[in-house]
Amino acid sequence: MPVDPLDVDWWREAVIYQVYPRSFADGDGDGVGDLRGVIARLDYLNDGSERSLGVDAIWVSPVYPSPMADFGYDVADHCDVDPLFGDLATFDLLVRGCHARGIRVLLDFVINHTSDQHPWFVDARASRGSPHRDWYYWRDPAPGGGPPDDWTAVFGGSAWTLDVATGQYYLHSFLPQQPDLNWEHPAVVDAMGDVLRFWMARGVDGFRVDAVQQLAKPDIGADAEVVSLIGEGRIDPRVTGHLRTVRRVLDEFPGRVSIAEAYVPPEELAALYGGAALDAMHLAFHFEFIRLTADGAYTPWDAPRMAALLRRTQAALPPGALPCYALANHDVPRFRSRHDADGRGPERARASALFLLGVRGVPCMYAGEEIGMPDVVIPAERRRDPGGRDGARTPMQWDRSAGRGFTSGHPWLPFGPIEVDVAAQLDDERSLLSLYRRAIWLRKAEPALRGGDQAIVHEGASTLALRRQAPGARPVLLALNTASTPARVPLDGEFARVLLASDEHVQLKGEASARTLVLPALAAAWLVP
Ligand code: GLC
């Protein structure tokens, strides 16, 4: 079914799928994925039948012309496609192909910085008096030389790089090849607004807005780091202001969506939505499950921690705001590997599918998670990313042929284990892919899962049950056991049937109001009355 342009609130009930284009499918045999490759795989994503995954939208990581210092997050031209990925005509075909299948298309809006090769920055550095000079942040060296202060960049090192010709330092929250734009300058705001209009006029349905936390800088001279990408970040009120400006541009086009990327705790999320007015981003990523916490570890797969997080999230979000959950993306190790210290990552990955698609909010899944791709150990000579994130970016494994159905050439990053592939899982009812497919299609059929309210109805030492309910529809219970031993969840008689389970040994015992759900180790289930 094609997308319905009148359905302007489509995103509230959508399942979003992140395509990292370098690694999804290679249409021209150069070993790097491209837009033609994505187009060739659209039926896998959604062909209207339950044989396909059934996702409602794709978010495509950057495909703009770029020197690729940060693999496209260093944009040299906001309004074109890098020849590595295709061209604008191919992009239009992608949008058409998606829309015909009911898939919306979101682009990555790299708001905080450009490439140092972008014409704006090339002009800015040409002289101190250049028209674009103030589109970026420039400072004189400290008295006696050296960077103006000791701010550090997210990828390490000083956040300031000296431009020798003009004798001043420019600011970069990320790599030196990614100078930060000055969002306090009205011309920057206007120019970036026009970028959004350019893509929306081509039919793009929205944007994942990159690194918004960095949009406001600490006061110059303050003895502070540039807020780190991974850490206890806060959202400055100036960030909300800039996001409101972005939202006003999106509102010129009906039915578009924006999703903010910021690695902040749930308490900071409200500021991304614009508070109670909900006039900034439509959605904000909830990264608490993939963010390195203060103790330097990822949030463990642990029911009490999850219950506490859900409660914090519920309390922090303004009424009407939906969280956008991600359990993986191109910046963090794969879920299965992150939770595999005891070798049971694959079981947790199955349960996580029912959690992600069953919890209240908009789920955003990362390509390859649905087949349980592990993080791949990359030999030193093949490492590409200055941020060390290659392991989560290896090519999608479509089949077990030499090029894994990804490429007819030599892949830009090595493949993972050969036995993890789409083709085998498509035909296996018990595979992770089949579980994802069933969960996504069942979610579409259950209003309670798509858009219902949520109440925590049970918490145990290793168990959690969430009751989802929408007006006029049957409720659904999401139950989880995060222990490596079986556990029981008492039921009050309302739920009598297992709709979907991550483990075939999930059982209901007892009768009527004395019913108990028996969850094997690390299992999750959806129940209905
Ligand atoms: C975001 C992207 C990441 C990139 C960074 C700088 O966090 O997800 O891949 O390196 O922003 O643009």
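All residue numbers refer to positions counted from 1 along the written sequence of the respective chain. With the structure being a predicted model, the display of local features is reserved for residues of pLDDT at least 70 and the display and counting of side-chain atom pairs for 80 or more, all residues being used for whole-chain, interface and lining totals. Each side-chain value is worked out from all heavy atoms of the structure, with water and hydrogens disregarded.

Novice: Lay out the overall build of the protein in plain terms, naming residues and giving numbers.
Specialist: Think of it this way: any DSSP run of H or I at least four residues long counts as a helix, any run of E at least two long counts as a strand, and we number them from the N terminus. Helix and strand content of the protein: 13 helices and 19 strands. Each radius of gyration reported is based on C-alpha atoms, and the globular scaling rule is 2.2 Å times the count of residues to the power 0.38. For the protein, the C-alpha radius of gyration of 23 Å lies close to 24 Å, the compact-globule estimate for 529 residues. Exposure classes here rest on a 1.4 Å probe applied to the protein chains alone. A residue is buried below 20% of its type maximum, exposed above 50%, and partly exposed in between. By the burial criterion, 61% of the 529 residues in the protein qualify as buried. Every residue pair with non-hydrogen atoms within 4.5 Å of one another is taken to be in contact. For the protein, long-range pairs separated by at least 24 residues make up 68% of all intrachain contacts whose partners lie at least 6 apart in sequence. Only the protein chains shown count as cover for residues, and all accessible areas are computed by the Shrake-Rupley method using a 1.4 Å probe. Total accessible area on the protein is roughly 19,000 Å²; 53% of this is exposed by carbon and sulfur atoms. Charged-residue counts in this description rest on Lys and Arg as positive and Asp and Glu as negative, His and the chain ends being excluded. Charge positions come from single atoms, namely NZ of Lys, CZ of Arg, CG of Asp or CD of Glu. If the 53 positive side-chain charges of the protein are averaged to one point and the 71 negative ones to another, these points end up 5 Å apart.

Novice: Tell me what's going on with the environment of phenylalanine 253, and back it up with residues and numbers.
Specialist: Structurally, the position occupied by phenylalanine 253 is in the loop between helix H6 (237-250) and strand E8 (257-260). For phenylalanine 253 and alanine 294, which are 41 residues apart along the polypeptide, the C-alpha to C-alpha distance reads 40 Å. Those residues within four positions of phenylalanine 253 in sequence are excluded, and the remaining contacts are Arg197, Met200 and Ala201.

Novice: Before we move on, can you summarise the side chain of threonine 299 with the specific residues and values?
Specialist: Positionally, threonine 299 belongs in the loop between strand E9 (283-286) and helix H8 (303-316). Polar contact is defined as a pair of N or O atoms within 3.5 Å, subject to the rule that within protein one atom must be able to donate a hydrogen and the other to accept it, and that residues adjacent in sequence are counted only when both atoms are side-chain atoms. Polar side-chain contacts of threonine 299 include one of 2.6 Å to the backbone oxygen of glutamate 288. Apart from residues lying up to four places away in sequence, threonine 299 is in contact with Glu288, Phe289, Arg291, Thr293, Arg305, Leu309 and His339.

Novice: Let's hear about the site of the ligand: which residues, and what values?
Specialist: Taken together, 14 residues sit near the ligand, with Asp70, Arg208, Asp210, Glu261 and Asp331 positioned nearest. Within the contact set of the ligand, an oxygen atom lies 2.9 Å away from a side-chain nitrogen or oxygen of histidine 113. Protein burial of the ligand: of its 310 Å² of free accessible surface, 100% is covered by the chains. We define proximity as follows: a residue is near a molecule or strand when any one of its heavy atoms falls within 4 Å of that partner.

Novice: Outline unusual backbone geometry, listing residues and values.
Specialist: One non-glycine residue, phenylalanine 71, lies in positive phi territory at about 50°. Topologically, phenylalanine 71 is positioned in the loop between strand E2 (57-60) and helix H3 (88-100). According to the relative accessible area criterion, phenylalanine 71 is buried, its value standing at 5%. The backbone phi angle of alanine 211 is positive, close to 45°, even though this residue is not glycine. Mapped onto the elements, alanine 211 comes out in the loop between strand E7 (206-210) and H6.

Novice: Go over H8, please, and point to the residues and values.
Specialist: How far a helix is expected to stretch is found by multiplying one less than its residue total by 1.5 Å. Between the first and last C-alpha of H8 there are 20 Å, a value that for 14 residues agrees with the 20 Å anticipated at 1.5 Å per step. Considered for burial, the residues of H8 that qualify are Ala303, Met306, Ala307, Leu309, Leu310, Thr313 and Ala316.

Read these as spatial facts, not as claims about activity.
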